[in-house]
Amino acid sequence: MLERGARSGPDKALALSITGLALSVPATLLPFVSAGVLGGQRTSLLFTGVGSLWNGGMRPMAVLVFVCGWLLPLALLASFAILRAPSGPGLEKPALLRLSRVAGALERWAIPEVQVLAVLVALMKLGDSVDLTIGPGFWCYCGMALSLLVARHSFEFDSTVPLQNAGHLEVGARP
Amino acid sequence: MNALPAHAAPSGTSSSAALALAAAAMLVPANLLPVLSTESSGSNRSDTILSGVVQLWRQGLWAIAAIVFTASILIPFLKLAGLAWLLFNAHRGPAGNSRRLTRIYATIDFIGRWSMLDVFLAAFLTGLVQFGEFSTVVPRSGLIAFAAAVVLTVLATQAFDPRRLWPAPAPCPP
């Protein structure tokens, strides 16, 4: 599966994965969006919404947003980087196969592009009622989402097979 | 060692059907309960998913209203209906339309993620719009039901084995 997993060259997928991982740092630390109302100013970071949900007693929601919008996208990018590293990180082939399969199963939960659309919808919704400024954190997050979107197209997961049913694939793929 | 062919694998429909049923049940409170409250200058407004869409429409934000309506109302219902159709066909057995049904499964799998739009939207607004008495956005219980419905629908799709839509492969000669 690994051998036929890459649709494009390994360099492209690897470069996109590293770019996405690098962009995730400023996306997390830099201001996302600033809003002002009647002299009051508030700047939100990527995790501000997660923190508000957590403190507001909606902890499962906070975890869901954190996992789908940040943790899994990064885990997926890291998996791509490991799987396409030219010399390999020293993992055995079964371990790489397992990583590929787990990444394929979790792929549908990594949805930063949906978060990007949600932020754009929210900004349109707020419209003229507040004075909005988009910060560099949001643009870096868009870059990370785009890197993941293109990088995941470089891979061909057998995602139609549920993980628990994938045992036969492992048997077939082993030498 | 499992001697059953792939088609007869035990997983595939029952767990998927149970998850889809749970998702359908969660869609009821998700659409009836308010998902967000906006408190501004003494007034308090609670919105369900549908009333939020209507408000966007009245504001003249038709494109945004259409996006939210599609992601939060249309896709969850279409996805569950599609999944029910696939489960029915898998239960009935292959009938020559396996390729079309598999395409429907792939479409359902792809569009499902966009239902999370409202969850991210609520999280973002809750984080940003906190201006005390001027304007404050607070998430409401309908949001939990909606997120549960979306997660259960994705899990139901993930649990469905599309091989059940195809005829069993001929046994290999010994």
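Residues numbered from 1 in each chain as written. Chains lettered and ligands numbered in written order. Predicted model: local features only at pLDDT ≥ 70, side-chain atom pairs only at ≥ 80, totals over all residues.

Turning next to the packing of helix α3 (residues 59-84) of chain A against helix α6 (residues 141-159) of chain B. Between α3(A) and α6(B), the least distance of the axes is 10 Å, while the angle of their chain directions is 45°. One finds that α3(A) runs oblique with respect to α6(B). By crossing handedness, the relation of α3(A) to α6(B) is classed as left-handed. Side by side, α3(A) and α6(B) meet where Pro60(A), Met61(A) and Leu64(A) of the first sit next to Leu143(B), Ile144(B) and Ala147(B) of the second. Across the contact of α3(A) with α6(B), the residue classes tally to 6 nonpolar, no polar and no charged. (Axes fitted to C-alpha atoms, helices over the stretch in contact; angles between N-to-C directions. Helix = DSSP H or I, 4+ residues; strand = E, 2+ residues; numbered from the N terminus. Parallel < 35°, antiparallel > 145°, perpendicular 65-115°, else oblique. Left-handed = near helix turned anticlockwise from the far one by under 90°. Contact = placed C-beta atoms within 7 Å. Nonpolar A, V, L, I, M, F, W, Y, C, P; charged D, E, K, R; others polar.)

Each side of the interface is counted separately: chain A has 37 residues, and chain B has 37 residues. Put simply, the parts of the chain that give the side of chain A that touches chain B at least two residues each are β1 (33-37), β2 (40-44), α2 (48-55), α3 and α5 (112-126) of chain A. Looking at the side of chain A that touches chain B, the element that brings in the most residues is α5(A), giving 9 residues.

Now for the environment of Val37(A). Turning to its location among the elements, Val37(A) is positioned in strand β1. Judged by the 17 C-beta atoms lying within 10 Å of it, Val37(A) falls in the partly exposed class. Setting aside its immediate chain neighbours within four residues, Val37(A) contacts Val130(A), Phe131(B), Phe134(B) and Ser135(B). (Buried ≥ 20, exposed ≤ 12 C-beta atoms within 10 Å, placed from the backbone.)

Right, let's talk about the pairing of β1(A) for a bit. Consecutive side chains along a regular strand alternate between the two faces of the sheet. All names here are of chain A. Relative to β2, β1 runs antiparallel, the two sharing 5 bridges. Each bridged residue has a counterpart across the sheet, and for Val37 the counterpart in β2 is Gly40. In textbook terms, the turn of a hairpin is the stretch between consecutive antiparallel strands, and for β1 and β2 this stretch comprises 2 residues, one of which, Leu38, has a positive phi near 45°. Alignment of β1 against strand β3 (residues 131-134), held across 4 bridges, turns out to be antiparallel. Residue Val33 lies in a different strand from β3, and its bridge partner there is Ile134. (Pairing = 2+ DSSP bridges.)

Let us now look at the nonpolar core. With 94 residues, the main nonpolar core has Met61(A), Val65(A), Leu117(B), Val119(B), Phe120(B), Ala147(B) and Ala149(B) as its most contacted residues. Sort the elements by how many residues they give to this core and α6(B) lands first, with 13 residues. The contacts of Val119(B), once residues within four sequence positions are left out, are Met61(A), Leu64(A), Val65(A), Leu143(B), Ala147(B) and Val150(B). (Core = buried A, V, L, I, M, F, W, Y, C linked by C-beta atoms within 7 Å.)

Here we come to the confidence of the model for chain A. For residues with low pLDDT, the predicted coordinates do not support detailed interpretation. Residue and element names in this part refer to chain A. Confidence in the prediction for chain A averages 81 pLDDT; 79% of positions are at 70 or higher. Here helix α7 (residues 167-173) stands out as the element of chain A with the lowest mean pLDDT, 35, in contrast to helix α6 (residues 136-152), whose mean of 94 is the highest. In this model, residues 1-6 is a region of pLDDT below 50 whose contacts with residues beyond four sequence positions or in other chains number 16 contacts. When the criterion is pLDDT under 50, residues 158-175 qualifies, and its contacts beyond four places in sequence or with other chains add up to 24 contacts. (pLDDT = per-residue confidence, 0-100.)

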